[in-house]
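# Observations on chain architecture
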Amino acid sequence: MGRGRPGPPPWIHDLIRQFGGPALGPEQHPRGPRRPRARRGDVRAAILDVLAGNEMNGYQLIQEIAERTGGGWKPSPGSVYPTIQQLEDEGLVEGRDAEGRRLLRLTDEGRRYVEEHPDEMGATWAPFEPEDDAAPDDRASHGFSGTPGGDGLMPVVGQVMGAMWQVVTTGTAQQRAEARDILSETRRRLYQLLADGDPE
(Lines give C-alpha, C1' and ligand atoms only; values in the text may rest on other atoms or scores of the structure.)
Protein backbone atom coordinates (compact mmCIF):
# COMPACT_ATOMS: atom_id res chain seq x y z
CA MET A 1 0.00 0.00 0.00
CA GLY A 2 1.24 3.51 -0.77
CA ARG A 3 1.90 5.97 1.96
CA GLY A 4 0.40 9.42 2.35
CA ARG A 5 -2.47 11.05 0.57
CA PRO A 6 -2.59 11.34 -3.20
CA GLY A 7 -1.78 14.72 -4.68
CA PRO A 8 -4.37 16.90 -6.38
CA PRO A 9 -5.42 16.10 -9.94
CA PRO A 10 -3.29 17.92 -12.52
CA TRP A 11 -6.11 20.32 -13.39
CA ILE A 12 -6.45 21.37 -9.75
CA HIS A 13 -2.72 21.98 -9.39
CA ASP A 14 -2.54 23.92 -12.66
CA LEU A 15 -5.62 25.98 -11.84
CA ILE A 16 -4.24 27.03 -8.46
CA ARG A 17 -0.95 28.04 -10.05
CA GLN A 18 -2.69 29.88 -12.91
CA PHE A 19 -4.69 31.93 -10.46
CA GLY A 20 -1.51 32.87 -8.63
CA GLY A 21 -1.87 30.50 -5.70
CA PRO A 22 1.03 28.83 -3.89
CA ALA A 23 2.78 25.72 -5.09
CA LEU A 24 1.48 22.71 -3.22
CA GLY A 25 4.95 21.30 -2.62
CA PRO A 26 6.78 18.46 -4.36
CA GLU A 27 5.12 15.78 -2.27
CA GLN A 28 1.70 17.04 -3.30
CA HIS A 29 2.37 17.55 -6.99
CA PRO A 30 0.14 15.26 -9.08
CA ARG A 31 3.15 13.73 -10.79
CA GLY A 32 5.39 13.60 -7.73
CA PRO A 33 8.66 15.48 -7.20
CA ARG A 34 10.11 16.99 -10.32
CA ARG A 35 13.84 17.63 -10.19
CA PRO A 36 15.58 19.65 -12.88
CA ARG A 37 18.02 17.64 -14.92
CA ALA A 38 21.51 18.67 -15.85
CA ARG A 39 22.20 18.47 -19.55
CA ARG A 40 25.11 16.74 -21.16
CA GLY A 41 28.06 19.11 -21.01
CA ASP A 42 26.76 20.98 -17.97
CA VAL A 43 29.37 19.41 -15.69
CA ARG A 44 32.09 20.95 -17.84
CA ALA A 45 30.52 24.42 -17.82
CA ALA A 46 29.73 24.22 -14.09
CA ILE A 47 33.33 23.39 -13.22
CA LEU A 48 34.63 26.28 -15.28
CA ASP A 49 32.11 28.73 -13.84
CA VAL A 50 32.77 27.68 -10.24
CA LEU A 51 36.54 27.87 -10.66
CA ALA A 52 36.17 31.37 -12.09
CA GLY A 53 35.37 32.44 -8.55
CA ASN A 54 38.02 30.62 -6.58
CA GLU A 55 40.40 27.69 -6.67
CA MET A 56 39.28 24.51 -4.90
CA ASN A 57 39.69 20.77 -4.89
CA GLY A 58 37.38 18.26 -6.53
CA TYR A 59 35.32 17.61 -3.42
CA GLN A 60 34.76 21.32 -2.88
CA LEU A 61 33.73 21.66 -6.52
CA ILE A 62 30.99 19.08 -6.07
CA GLN A 63 29.78 20.74 -2.87
CA GLU A 64 29.75 24.18 -4.48
CA ILE A 65 27.69 22.94 -7.43
CA ALA A 66 25.21 21.35 -5.03
CA GLU A 67 25.00 24.58 -3.01
CA ARG A 68 24.46 26.77 -6.07
CA THR A 69 21.58 24.57 -7.21
CA GLY A 70 19.97 24.39 -3.78
CA GLY A 71 20.74 20.69 -3.60
CA GLY A 72 18.98 20.07 -6.90
CA TRP A 73 22.12 18.81 -8.60
CA LYS A 74 25.10 17.09 -7.03
CA PRO A 75 27.24 15.59 -9.78
CA SER A 76 28.98 12.34 -8.98
CA PRO A 77 32.77 12.08 -8.64
CA GLY A 78 32.59 9.69 -11.59
CA SER A 79 31.45 12.56 -13.81
CA VAL A 80 33.44 15.39 -12.23
CA TYR A 81 36.98 13.98 -12.09
CA PRO A 82 37.15 12.75 -15.71
CA THR A 83 35.81 16.15 -16.79
CA ILE A 84 38.51 17.90 -14.76
CA GLN A 85 41.12 15.79 -16.53
CA GLN A 86 39.60 16.71 -19.88
CA LEU A 87 39.70 20.42 -19.00
CA GLU A 88 43.33 20.09 -17.97
CA ASP A 89 44.11 18.42 -21.29
CA GLU A 90 42.43 21.35 -23.04
CA GLY A 91 44.57 23.80 -21.12
CA LEU A 92 41.59 25.46 -19.42
CA VAL A 93 42.24 24.16 -15.89
CA GLU A 94 45.43 23.49 -13.98
CA GLY A 95 46.17 21.98 -10.58
CA ARG A 96 48.67 22.67 -7.84
CA ASP A 97 49.56 20.88 -4.62
CA ALA A 98 48.83 22.77 -1.40
CA GLU A 99 49.23 21.16 2.02
CA GLY A 100 48.63 17.69 0.69
CA ARG A 101 45.61 18.70 -1.39
CA ARG A 102 45.39 19.27 -5.09
CA LEU A 103 43.74 22.60 -5.78
CA LEU A 104 42.28 23.42 -9.18
CA ARG A 105 42.13 26.81 -10.85
CA LEU A 106 41.51 28.29 -14.26
CA THR A 107 44.38 29.03 -16.56
CA ASP A 108 44.46 32.36 -18.39
CA GLU A 109 42.93 30.57 -21.35
CA GLY A 110 40.25 29.14 -19.07
CA ARG A 111 39.33 32.59 -17.80
CA ARG A 112 39.08 33.91 -21.34
CA TYR A 113 36.80 31.03 -22.22
CA VAL A 114 34.47 31.77 -19.31
CA GLU A 115 34.40 35.49 -20.14
CA GLU A 116 33.65 34.79 -23.81
CA HIS A 117 30.87 32.26 -23.13
CA PRO A 118 28.55 33.85 -20.53
CA ASP A 119 25.46 32.28 -22.11
CA GLU A 120 26.91 28.80 -21.78
CA MET A 121 27.77 29.42 -18.13
CA GLY A 122 24.34 30.86 -17.35
CA ALA A 123 22.47 28.04 -19.12
CA THR A 124 24.12 25.55 -16.77
CA TRP A 125 22.34 26.97 -13.70
CA ALA A 126 19.10 28.07 -15.38
CA PRO A 127 17.16 24.81 -14.80
CA PHE A 128 17.77 25.12 -11.06
CA GLU A 129 16.81 28.78 -10.61
CA PRO A 130 13.53 29.61 -8.81
CA GLU A 131 10.54 30.30 -10.99
CA ASP A 132 10.10 33.88 -12.10
CA ASP A 133 7.83 35.63 -9.61
CA ALA A 134 6.81 38.29 -12.13
CA ALA A 135 3.79 36.30 -13.28
CA PRO A 136 1.67 37.00 -10.14
CA ASP A 137 2.15 40.74 -10.77
CA ASP A 138 0.70 40.29 -14.22
CA ARG A 139 -2.21 38.36 -12.79
CA ALA A 140 -2.74 41.11 -10.22
CA SER A 141 -3.59 43.58 -12.98
CA HIS A 142 -5.52 41.14 -15.15
CA GLY A 143 -8.41 38.81 -14.61
CA PHE A 144 -8.39 35.13 -15.49
CA SER A 145 -6.99 34.43 -18.98
CA GLY A 146 -5.86 38.03 -19.31
CA THR A 147 -9.24 39.71 -18.80
CA PRO A 148 -8.67 43.24 -17.45
CA GLY A 149 -9.94 44.25 -14.05
CA GLY A 150 -8.46 41.69 -11.67
CA ASP A 151 -7.36 44.38 -9.19
CA GLY A 152 -5.14 41.88 -7.38
CA LEU A 153 -8.04 39.46 -6.86
CA MET A 154 -6.66 36.49 -8.77
CA PRO A 155 -3.70 35.73 -6.46
CA VAL A 156 -6.11 35.70 -3.51
CA VAL A 157 -8.39 33.29 -5.38
CA GLY A 158 -5.42 31.00 -5.97
CA GLN A 159 -4.44 31.17 -2.31
CA VAL A 160 -7.97 30.30 -1.22
CA MET A 161 -8.03 27.35 -3.61
CA GLY A 162 -4.72 26.15 -2.22
CA ALA A 163 -6.00 26.45 1.35
CA MET A 164 -9.16 24.58 0.41
CA TRP A 165 -7.16 21.71 -1.01
CA GLN A 166 -5.25 21.48 2.26
CA VAL A 167 -8.53 21.28 4.17
CA VAL A 168 -9.88 18.62 1.81
CA THR A 169 -6.78 16.43 2.03
CA THR A 170 -5.58 16.94 5.61
CA GLY A 171 -8.50 18.42 7.55
CA THR A 172 -10.70 16.55 9.99
CA ALA A 173 -14.37 15.91 9.33
CA GLN A 174 -15.24 18.82 11.62
CA GLN A 175 -12.85 21.15 9.80
CA ARG A 176 -14.27 20.16 6.42
CA ALA A 177 -17.78 20.81 7.68
CA GLU A 178 -16.80 24.26 8.95
CA ALA A 179 -15.04 25.00 5.66
CA ARG A 180 -18.24 24.10 3.80
CA ASP A 181 -20.19 26.59 5.90
CA ILE A 182 -17.55 29.30 5.32
CA LEU A 183 -17.67 28.77 1.56
CA SER A 184 -21.45 28.76 1.48
CA GLU A 185 -21.53 32.06 3.36
CA THR A 186 -18.84 33.51 1.13
CA ARG A 187 -20.73 32.51 -2.00
CA ARG A 188 -23.89 34.11 -0.64
CA ARG A 189 -22.08 37.36 0.17
CA LEU A 190 -20.41 37.50 -3.25
CA TYR A 191 -23.74 37.17 -5.02
CA GLN A 192 -25.16 39.81 -2.70
CA LEU A 193 -22.26 42.07 -3.64
CA LEU A 194 -23.12 41.70 -7.32
CA ALA A 195 -26.81 42.26 -6.66
CA ASP A 196 -26.07 45.53 -4.83
CA GLY A 197 -24.29 46.90 -7.89
CA ASP A 198 -21.53 49.50 -7.96
CA PRO A 199 -21.69 52.17 -5.26
CA GLU A 200 -22.58 55.67 -6.46
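The rules behind these values
- Residues numbered from 1 in each chain as written.
- Predicted model: local features only at pLDDT ≥ 70, side-chain atom pairs only at ≥ 80, totals over all residues.
- Heavy atoms only, no water.
- Helix = DSSP H or I, 4+ residues; strand = E, 2+ residues; numbered from the N terminus.
- Contact = heavy atoms within 4.5 Å.
- Areas by Shrake-Rupley, 256 points an atom, 1.4 Å probe, with all protein chains shown as cover.
- Core = buried A, V, L, I, M, F, W, Y, C linked by side-chain atoms within 4.5 Å.
- Buried < 20%, exposed > 50% of the residue type's maximum accessible area, 1.4 Å probe, protein only.
- pLDDT = per-residue confidence, 0-100.
- Polar contact = N/O pair within 3.5 Å; in protein donor to acceptor, adjacent residues only side chain to side chain.

Another aspect to go through is the overall build of the protein chain. Looking only at helices and strands, the protein chain has 9 helices and 2 strands in total. Seen in sequence order, the protein chain has helices and strands lined up from the N terminus as α-α-α-α-β-β-α-α-α-α-α. By sequence separation, contacts in the protein chain at least 24 residues apart represent 54% of the contacts at least 6 residues apart. A total of about 13,500 Å² of accessible surface is found on the protein chain, and carbon and sulfur atoms cover 51% of it.

Before going further, it helps to spend a moment on the nonpolar core. Core analysis: the biggest nonpolar cluster contains 24 residues, and Ile-47, Leu-48, Leu-51, Leu-61 and Val-93 have the highest contact counts within it. Of all the secondary-structure elements, those providing two or more residues to this core are helix H2 (42-51), helix H3 (58-68), helix H4 (77-90), strand E2 (101-106), helix H5 (108-116) and helix H6 (118-125). Here this core gets 7 residues from one element, more than from any other, and that element is H2. Every residue in contact with Leu-51, bar those within four places of it in the chain, is listed here: Met-56, Leu-61, Val-93, Leu-104, Arg-105, Leu-106 and Arg-111.

Now for the confidence of the model for the protein chain. This prediction gives the protein chain a mean pLDDT of 75; 64% of its residues lie at or above 70. Mean pLDDT across the elements of the protein chain ranges from a minimum in helix H7 (residues 134-140), with 45, to a maximum in H5, with 94. For residues 26-34, every residue scores under 50 in pLDDT, and the model assigns this stretch 12 contacts once sequence neighbours within four places are set aside. pLDDT under 50 marks residues 133-149. Its contacts with residues more than four places away, or in other chains, come to 25 contacts.

Relative to the helices and strands, Arg-44 is located in helix H2. The buried category is assigned to Arg-44, whose relative accessible area is 17%. Of the polar contacts made by the side chain of Arg-44, one reaches the side chain of Glu-90; its length is 2.5 Å. Polar side-chain contacts of Arg-44 include one of 3.3 Å to the side chain of Tyr-113. If we skip the residues at most four places from it in the chain, Arg-44 touches Thr-83, Gln-86, Leu-87, Glu-90, Leu-92, Tyr-113 and Glu-120.

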